[in-house]
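Residue strings, one per chain:
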Amino acid sequence: MRLSNIVVLVLTAGAEAFSLVDVSEYGNDALIAIKRAIPALMARSGSSDGGGGSCPSVWKSVASSLQKLYLGSDGQCNDDARAAIRLAFHDCGTWDLSQGPTGGCDGSLVNTIGLTTSTNGVPDRELSRPENGFLTDISLKMISLQKTFPSVTMADLISFGAAVAIVTCPGGPQIQTFVGRKDSMNPAKPGGLPNVHADADSLFKLFEAKGFDAKGLAALLGAHSTSKGFGQTDIMKSGTPQDGTPGLWDVKYYQDTLTPPTGCVPFPSDTSLAAHPVVGKEFHGFIGRQSKWAGDFGSAMTKMTLLGVPGGANSLIDCTSAVPRGTNNKRDMRAAPINDRVR
């Protein structure tokens, strides 16, 4: 269905004013754009709180501090932003269905930084694990921020921080964001994170064990639109991006994984999944379809930030309203330098 030159009138419950949303720019994906806007509108109307209650005002101040940390002088998201997104994946993504309401998004990735107890003489500090390399700097910044806002848990700060980082990247969607998680000092179960050298079948099974289907996995891979490697392969120098515009949240990643431009090196795991008979179909479906990916990524990322949380969203408070709105991707992407490669 093609919707063109259409303006959708959105009246939020209890609001004294209405919003006009021009969906013509989304073309064939206009309905996806409308669907994508609903969670944020509900959050602003106060009708979608999972555990009841309104979002604590402190989160507006947290968001402001995070945006200052994440925004580069060029108006694009910086290395702290991409590290914050990765931090949330690595805190939450260790979880699988066998763990039930334990582990997952509990802040243990950062909280165990000072762990002194152990069972074998060596404290299991998650940041010391090879898969969590280069996350210490952003973790220390999160610890410092938590001291400024002592009422927030590290578990919430990590997930909320990723949501703010995403919208700081031009084109990034405002995802539904919850707070109310409890912190844990128990190290996450080892072996739960994907390996960049793993084969596609094992990676797909790993994510299925976390509750994600092929579409969800392919959508989450798109976060590598803003990632940079740190030497995971022989030809990947530290700081090498996975697509040509790592400061922008766009679908260029999907095409660039298939045909990498000069200066970009995709992760071997991404290349394998792009060729997988099931995941690959979804992967190819995001090429050139920004709004489709934004909607599917938003759903998958919200699900990621709820892994292991007892009661899920129903036990938490919706703080989407505290997350800044994403920037206009088409305007900002047109304004970006054509030869922008590494930021």
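Residues numbered from 1 in each chain as written. Predicted model: local features only at pLDDT ≥ 70, side-chain atom pairs only at ≥ 80, totals over all residues. Heavy atoms only, no water.

**Q** Can you help me understand unusual backbone geometry in this one?
**A** Excluding glycine, most residues fall at negative phi; most peptide bonds, likewise, are trans. If you check the backbone angles, phenylalanine 134 has positive phi at about 65° while not being a glycine. Tracing the backbone through its elements, the reader meets phenylalanine 134 in the loop between α4 (108-111) and α5 (136-148). (Helix = DSSP H or I, 4+ residues; strand = E, 2+ residues; numbered from the N terminus.)

**Q** Would you mind going over the pattern of salt bridges with me for this structure?
**A** Where charged atoms from two side chains of opposite charge come close, those side chains can pair. This model, assessed by the stated rule, comprises nine salt bridges. Note that aspartate 156 is salt-bridged to arginine 181, the shortest N-O span being 2.8 Å. Of the two residues, aspartate 156 sits in helix α6 (residues 154-168) while arginine 181 sits in the loop between β3 (178-179) and α7 (200-208), which places them 25 residues apart along the sequence. Note on accessibility: aspartate 156 and arginine 181 belong to one class, buried. Between aspartate 256 and lysine 252 there is a salt bridge, with its nearest N and O atoms 2.9 Å apart. Highlighted residues: aspartate 256 and lysine 252, both in helix α9 (residues 252-258), separated by four residues, approximately one helical turn. (Salt bridge = Lys/Arg side-chain N within 4 Å of Asp/Glu carboxyl O. Buried < 20%, exposed > 50% of the residue type's maximum accessible area, 1.4 Å probe, protein only.)

**Q** Mind showing me how you'd approach helix α8 (residues 214-221) here?
**A** For the α-helix, the turn length of 3.6 residues means that residues three or four positions removed from each other point alike. For α8, the tally of buried residues reaches seven of eight residues, placing the bulk of the element in the interior. Regarding α8, the residues found buried are Ala214, Gly216, Leu217, Ala218, Ala219, Leu220 and Leu221. For α8, the side-chain oxygen to backbone nitrogen distance between the N-cap and lysine 215 is 3.3 Å, and the N-cap itself is aspartate 213. (Polar contact = N/O pair within 3.5 Å; in protein donor to acceptor, adjacent residues only side chain to side chain.)

**Q** So what exactly am I meant to see when it comes to the packing of helix α2 (residues 58-70) against α5 here?
**A** A pair of packed helices can be characterised by two numbers: the angle between their axes and the separation between those axes. It is at 12 Å that the axes of α2 and α5 come closest, and there the two elements cross at 150°. Taken together, α2 and α5 sit at an angle that is classed as roughly antiparallel. Of the two possible hands of crossing, α2 and α5 adopt the one that is right-handed. Across the interface between the two elements, Val62, Ser65, Leu66, Leu69 and Tyr70 from α2 touch Ile138, Lys141, Met142 and Leu145 from α5. (Axes fitted to C-alpha atoms, helices over the stretch in contact; angles between N-to-C directions. Parallel < 35°, antiparallel > 145°, perpendicular 65-115°, else oblique. Left-handed = near helix turned anticlockwise from the far one by under 90°. Contact = heavy atoms within 4.5 Å.)

**Q** How do you make sense of the side chain of lysine 210 when you look at a structure like this?
**A** Structurally, lysine 210 is set in the loop between α7 and α8. No salt bridge is formed by the buried lysine 210; its nearest oppositely charged neighbour, aspartate 96, is found at 5.8 Å. There is a polar contact of 3.0 Å between the side chain of lysine 210 and the backbone oxygen of tryptophan 95. Discounting residues that sit within four places of it in the chain, lysine 210 has contacts with Gly93, Thr94, Trp95, Asp96, Leu97, Gly192 and Leu307. (Lys, Arg positive; Asp, Glu negative; His and termini not counted.)

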